[in-house]
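Residues per chain are reported as follows:
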Amino acid sequence: MSTLFPKEKIIFDLPNAEIEYHPNFFDAEKANVLFEKLYQKTPWQQDEIKVFNKVHPQPRLTALYGNEGKPYSYSNIVMQPHKWNTVLMFIKNEIETICDKNFTTVLLNLYRDGKDSNGWHADNEKELGKNPFIASVSLGAERVFHLQHNTIKEANIKLNLEHGSLLLMKGETQHFWKHQIPKTAKIVGPRINLTFRIIN
C-alpha cells in the first residue's frame, strides 16, 4: 500500500538528461524486509563476459524476471526471464504508482562487496526502444553511482545510492550519458540493485 504523502525527490538539472532521485522511496523497515527476501530467494547467477578478447566472470551476480517470452541481451549475454514473484510485483507496483509506466522486465544485480562493480555503460539496447525509461531501486549497502556526459567533460555527478532509494532515468539520458558503479576499497556489505525496464 502506498503512503498518502508525497515522497521527497531530487530533480537534477543536467544537459540532455531527465534524472530524478527519491532517497527514501521505501522506508528502512520495508527496505530491510525487501532486501532479505531478495537476497535469500533470488536464483543468482554469474555469467561470463568478454573484455578485449579475454573471458572473465562478471564482477557481480544477476537475475532476470519479467513477462514471458521477453529475453534481455547486453554485453553478448542473453538472459531468459524468471516469472514475476510477489516481492518483485510489490516493488514494481509501487514504482508504477509514481511514473505511469508498465514495466515488462527487471534486471537484478547483487554486489557482494566492494570488489563487485559495473563498468561504464548506457542502458541503450535496441529492445528498450528510442528513449528508455529506467527505474532503479537500491537495497542494502550504499554505493557511489557515477554519471558522465558523453561529450561534455564537466557534466558529471556522483551520487550515493541509499538503502530504499529509487533513481529514475528517462528521456534522452541513455543517448547522451553513461554510468557506472565502480569498485571501492572501503569495506561495504552486499547491495541489491533492481533496474526495471520496458522491452518492446
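Structure's up top.
Residues numbered from 1 in each chain as written. Predicted model: local features only at pLDDT ≥ 70, side-chain atom pairs only at ≥ 80, totals over all residues. Heavy atoms only, no water.

**Student:** When you look at the overall build of the protein chain in this model, what are you seeing that I'm missing?
**Tutor:** Each helix and strand in the protein chain was counted, giving three helices and 15 strands. The globule rule puts the C-alpha radius of gyration for 200 residues at 16 Å, and the 16 Å found for the protein chain is close to it. Overall, the C-alpha framework of the protein chain stretches about 50 × 40 × 40 Å when taken along its three principal axes. Looking at the protein chain as a whole, 48% of its 200 residues are labelled buried. As presented, the protein chain carries roughly 10,700 Å² of accessible surface, and 52% of it is formed by carbon and sulfur atoms. (Helix = DSSP H or I, 4+ residues; strand = E, 2+ residues; numbered from the N terminus. Rg over C-alpha atoms; globule rule 2.2 N^0.38 Å. Buried < 20%, exposed > 50% of the residue type's maximum accessible area, 1.4 Å probe, protein only. Areas by Shrake-Rupley, 256 points an atom, 1.4 Å probe, with all protein chains shown as cover.)

**Student:** For this particular structure, what's the right way to read helix H1 (residues 28-41)?
**Tutor:** Since the α-helix turns once every 3.6 residues, residues separated by three or four places project in the same direction. In a regular helix each residue adds 1.5 Å, so 14 residues correspond to 20 Å; H1 covers 20 Å between its end C-alpha atoms and thus fits that length. Turning to H1, its buried residues are Ala-31, Leu-34, Phe-35 and Leu-38. Projected onto a plane normal to the axis of H1, the buried residues spread over an arc of 100 degrees and lie on a single side. Residues of H1 that are exposed and point more than 90 degrees away from the buried face comprise Glu-29, Gln-40 and Lys-41. (Expected span 1.5 Å × (residues − 1). Arc of directions from axis to C-beta.)

**Student:** Got a minute to help me understand the sheet that holds strand S2 (residues 18-22) in this structure?
**Tutor:** Backbone hydrogen bonds are what pair the strands of a sheet, in a parallel or an antiparallel way. Overall, antiparallel pairing links the seven strands, which are arranged S1-S2-S13-S10-S15-S8-S5 in an open sheet. Strand pairing shows two members of the sheet lacking a second neighbour, strand S1 (10-12) and strand S5 (61-66), which therefore form its edges. Between one strand and the next, the sheet's axes are offset by a mean angle of 15 degrees, whatever the strand orientation. Inspection of the sheet shows strand S10 (residues 134-140) paired to strand S15 (residues 191-197) by six bridges, in the antiparallel sense. Across the sheet, the residue bridging to Val-137 is Leu-194, located in S15. Sheet strands touched by helix H2 (residues 86-99): S2, S5, strand S8 (105-111), S10, strand S13 (165-170) and S15. Its angle to S15, the strand with the most contacts, is close to 55 degrees. (Pairing = 2+ DSSP bridges. Axes fitted to C-alpha atoms, helices over the stretch in contact; angles between N-to-C directions. Contact = heavy atoms within 4.5 Å.)

**Student:** Mind showing me how you'd approach the sheet that holds strand S9 (residues 118-121) here?
**Tutor:** Taken together, the four strands give an open sheet; going across it, the order is S9-S14-S11-S12, and neighbouring strands pair in antiparallel fashion. With partners counted over all chains shown, the strands left at the sheet margins are S9 and strand S12 (156-161), one partner each. Taking each pair of neighbouring strands and ignoring which way they run, the sheet shows an average axis angle of 15 degrees. The pairing of strand S11 (residues 143-149) with strand S14 (residues 177-181) spans four bridges and is classified as antiparallel. Along S14, the bridge assignment pairs His-149 with Trp-177.

**Student:** What is the right way to look at the nonpolar core in this model?
**Tutor:** Inside soluble globular proteins, nonpolar side chains tend to come together where they are buried. Counting 29 residues, the largest nonpolar core has Ile-91, Ile-95, Leu-194 and Phe-196 as the members making the most contacts within it. Among the secondary structure elements, those contributing two or more residues to this core are H1, S5, H2, S8, S10, S13 and S15. Those residues within four positions of Ile-95 in sequence are excluded, and the remaining contacts are Phe-25, Phe-103, Ala-135, Val-137, Leu-166 and Phe-196. (Core = buried A, V, L, I, M, F, W, Y, C linked by side-chain atoms within 4.5 Å.)

**Student:** Looking at this structure, how should I read the pairing of S8?
**Tutor:** Put simply, side chains in a regular strand alternate between the two faces of the sheet. Burial analysis of S8 places seven of its seven residues in the buried class, which makes it a mostly covered element. Because side chains alternate across S8, one face comprises the buried residues Thr-105, Leu-107, Asn-109 and Tyr-111, and the other comprises Val-106, Leu-108 and Leu-110, equally buried. When S5 meets S8, the two strands line up antiparallel, connected through six bridges. Residue pairing for S8: Leu-64 is matched across the bridge by Leu-107. Relative to S15, S8 runs antiparallel, the two sharing seven bridges. The residue of S15 that forms the bridge with Leu-110 is Ile-192.

**Student:** I tried to follow the packing of aromatic side chains on my own but got confused; where do I start?
**Tutor:** To describe a pair of aromatic rings, you give the distance between the ring centres and the angle between the ring planes. Summed over the entire model, instances satisfying the criterion amount to six aromatic pairs. Ring centres 5.4 Å apart and planes at 15 degrees place the aromatic pair Phe-35 and Tyr-39 in the stacked group. Within this pair, Phe-35 and its partner Tyr-39 are both found in helix H1, separated by four residues, close to a single helical turn. Take Tyr-39: its relative accessible area is 34%, and that puts it in the partly exposed class. Relative to Phe-196, the ring of Trp-84 has its centre 6.4 Å away and its plane inclined at 5 degrees; by these criteria the two rings are stacked. With Trp-84 in the loop between strand S7 (77-79) and H2 and Phe-196 in strand S15, the pair connects residues that are 112 residues apart, well separated along the chain. Pair check on accessibility: Trp-84 and Phe-196 agree, each one buried. Cluster of aromatic residues (ring-pair linked, three or more members): Trp-84, Phe-103, Phe-133 and Phe-196. The positively charged end of Lys-92 is found above the aromatic ring belonging to Trp-84, 5.4 Å away from the centroid. Across from the ring centre of Trp-120, 5.8 Å away, lies the NZ or CZ of Lys-178, which sits over that ring. (Phe/Tyr/Trp six-rings, centres within 6.5 Å; stacked < 30°, edge-to-face > 60°. Lys NZ or Arg CZ within 6 Å of the ring centre and 35° of its normal.)

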